[in-house]
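One-letter residues, chain by chain:
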Amino acid sequence: MRKVVALIIAFAVVSTTVYVCFFLDRVAPSIELSSAELIYKFSMDNTSNKSNLSENNILLSGAVTTVKKSALIVDKKIFCKFKNGISDVKVGDTIRLLGKFIGYDELFQEYKLNDCSIVNQ
Amino acid sequence: MKQFIPFLLIVIGFSVPLNLQAQQQYLTRNGIITFDSKLNSFVPVKAENSSVSAILNVDGGEIAVLALVKGFSFKNSLMEEHFNESYAESDIHPKTTFTGKISNFDIQDSKTCLFSGVLSFHGVEKQLNEIPLIVEIKNNRIGINGEFQLVVSDFDIKVPRIVRSKIPEKIYVSINLDLEKLNN
């Protein structure tokens, strides 16, 4: 009987550990960059640097140059797609936002951030 | 011959701007591509990318679509991580593209058109022939919707034997673009 209880406890501990380690949404750390720094980091021809950008959330600061329905373009080069709609943002505003870097769009020659949200100043 | 050169330059000088004006383009940065195994598995193999870029040249029906591989989001974050690291290898192959032509495209008419062109994913180029797309012409907007099937093994994706049974052989890809007129 004690063996069975020990086995159940061991199973519960192992499965909880596995769940916590692999299945819980891990919150990625964030790195703070300006548009120019993001472009510079990406331009360095180094795969580990590029994956470093996409593994972390990016806290981007810059000036809004275009406002769209659910996206902003910052400093003419960074396309930031928002999770929800955007309100109270206009062209010329200086902004800080948190997003996930997904890469460089050759078609529009823009760098893309997904799942963005505005961070309070 | 020499006396013809100024004349030729004048003709070319006039025709180039006319040609550029005629090449009316429609574009989007918010296109949607989803892929789905459509199998009833415990964890569905399904992902969506809603920041797809596309440019359509109305005159010839040429279209270019680009999706960044890291833009595909899965419900299960672990699956997304495996997709990027092990299968799509998105650090090495960061984008997937479709380039080609929509035949019998007509800016005046909403109808089903056929797309032929090249799809590139994971560094492999695959010819697509006559994929039906529903083209909807609205006020200064063009909607393009369609679905096609791909075979995973065509794209040089290495699947470890232990998970081979869980990875579907075929994937259904659907594309949904809402293109707006480029204001010159």
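The residue numbering used here restarts from 1 in each chain and proceeds along that chain's sequence as written. Just so you know, chain letters begin at A and ligand numbers begin at 1, following the order they were written in. Only residues with pLDDT of at least 70 get local features here, since the model is predicted, and only at 80 or more are side-chain atom pairs given and counted; chain-wide, interface and lining totals rely on the full set of residues. Think of the side-chain values as coming from all heavy atoms in the structure, minus any hydrogens and water.

Enquirer: When you look at the overall build of chain A in this model, what are you seeing that I'm missing?
Expert: Across its full length, chain A holds three helices and six strands. Note on exposure labels: buried denotes an accessible area under 20% of the residue type's maximum, exposed denotes more than 50%, and partly exposed covers the range between, all computed with a 1.4 Å probe on protein chains only. In chain A, which comprises 121 residues, the proportion classed as buried is 33%. The protein chains shown are the only cover counted for residues, whose accessible areas, like all others here, come from Shrake-Rupley with a 1.4 Å probe. Summing over all exposed atoms, chain A offers an accessible surface of approximately 7500 Å²; the carbon and sulfur share of this is 59%. Only DSSP runs of H or I with at least four residues qualify as helices, and only runs of E with at least two residues qualify as strands; both kinds are numbered from the N terminus onward.

Enquirer: Where do I start with the interface of chain B and chain A in this structure?
Expert: You'll often see interface size given as the accessible area lost when the parts meet. Contacts: residue pairs with any heavy atoms within 4.5 Å of one another. In this complex, chain B contributes 23 residues to the contact, which on the side of chain A involves 22 residues. Taking both sides of the interface into account, the surface hidden between chain B and chain A amounts to around 2000 Å²; carbon and sulfur atoms contribute 54%. Here the quantity called buried area is the accessible surface, traced with a 1.4 Å probe, that two parts lose on coming together, added over both. Per-residue buried area on chain B facing chain A is highest for B:Arg29, B:Leu68 and B:Lys70; these three make up 32% of the total on that side. Whenever Lys or Arg places a side-chain nitrogen within 4 Å of a carboxyl oxygen from Asp or Glu, that contact is recorded as a salt bridge. Inspection of the chain B/chain A interface yields four salt bridges. Linking B:Arg29 and A:Glu110 is a salt bridge whose minimum nitrogen-to-oxygen distance equals 2.7 Å. Polar contact criterion, stated in full: a pair of N or O atoms within 3.5 Å, where within protein one must be able to donate a hydrogen and the other to accept it, and residues adjacent in sequence count only if both atoms are side-chain atoms. For the interface between chain B and chain A, the tally reads nine residue pairs in polar contact (both at pLDDT 80 or more).

Enquirer: Hey, could you run me through the environment of B:Pro160 in this one?
Expert: Within the secondary structure layout, B:Pro160 lies in the loop between strand E8 (141-151) and strand E9 (170-181). When the C-alpha atoms of B:Pro160 and B:Tyr87 are compared, they prove to be 9.9 Å apart, with 73 residues separating the residues in sequence.

Enquirer: Please explain helix H2 (residues 77-87) of chain B as it appears in this structure.
Expert: One turn of the α-helix equals 3.6 residues, which is why residues spaced by three or four share an orientation. Residues and elements named next belong to chain B. Taken as a whole, H2 has its buried residues at Leu78, Met79, Glu80, Phe83, Asn84 and Tyr87. Among the residues of H2, the N-terminal cap falls to Asn76, whose side-chain oxygen and the backbone nitrogen of Leu78 are separated by 2.8 Å. In the stretch just after H2, Glu89 is the one whose phi turns positive, near 45°.

Enquirer: Looking at this model, I keep getting lost on helix H2 (residues 35-43) of chain A. Mind explaining?
Expert: Residue and element names in this part refer to chain A. Listed as buried for H2 are Ser35, Leu38 and Phe42. Buried residues of H2, viewed axially, fall in a sector of 65°; they line one side. Exposed and oriented more than 90 degrees from the buried face of H2 are Ala36 and Tyr40. Throughout, the arc means the angular range of directions from the helix axis out to the C-beta atoms.

Enquirer: Honestly, the pairing of strand E5 (residues 95-103) of chain B in this entry has me stumped. Any pointers?
Expert: Within a regular strand, side chains alternate between the sheet's two faces. Residue and element names in this part refer to chain B. Relative to E5, strand E3 (residues 62-68) runs antiparallel, the two being bridged by seven bridges. Looking at the pairing, Ala64 lines up with Thr99 of E5. Strands qualify as paired when DSSP identifies two bridges or more between them. Where E5 and strand E6 (residues 111-121) come together, seven bridges link them in antiparallel fashion. Paired with Lys101 across the bridge in E6 is Ser116.

Enquirer: Where do I start with the packing of aromatic side chains in this structure?
Expert: The way to describe two aromatic rings as a pair is by their centre distance and the angle between their planes. Residue and element names in this part refer to chain A. Between rings of Phe, Tyr and Trp, where Trp is taken as its six-membered ring, a pair exists when centres lie within 6.5 Å; planes separated by under 30 degrees are stacked, by over 60 edge-to-face, and by other angles tilted. Tallied over the full model, the rule gives eleven aromatic pairs over all chains. Considering the side-chain rings of Phe42 and Phe101, the 5.6 Å spacing of their centres and the 70° angle between planes classify their relative orientation as edge-to-face. Of this pair, Phe42 sits in helix H2 while Phe101 is found in strand E5 (residues 94-105), placing the two residues 59 residues apart along the sequence. Side by side, Phe42 and Phe101 carry an identical accessibility label, which is buried.

Enquirer: How do you make sense of the pattern of salt bridges when you look at a structure like this?
Expert: A side chain of one charge can pair with a side chain of the opposite charge if their charged atoms are brought near each other. Evaluated as defined, the whole model comprises 13 salt bridges over all chains. Linking A:Lys90 and A:Asp93 is a salt bridge whose minimum nitrogen-to-oxygen distance equals 3.6 Å. B:Lys126 serves as the salt-bridge partner of B:Asp154, at 3.2 Å between the closest nitrogen and oxygen. Of this pair, B:Asp154 sits in the loop between E8 and E9 while B:Lys126 sits in strand E7 (residues 124-138); the two residues are 28 residues apart in sequence, bridging distant segments of the chain. Judged by its relative accessible area of 32%, B:Asp154 falls in the partly exposed class. Through salt bridges with shared partners, a single network forms among A:Lys68, B:Lys138, B:Arg141, B:Asp178 and B:Glu180.

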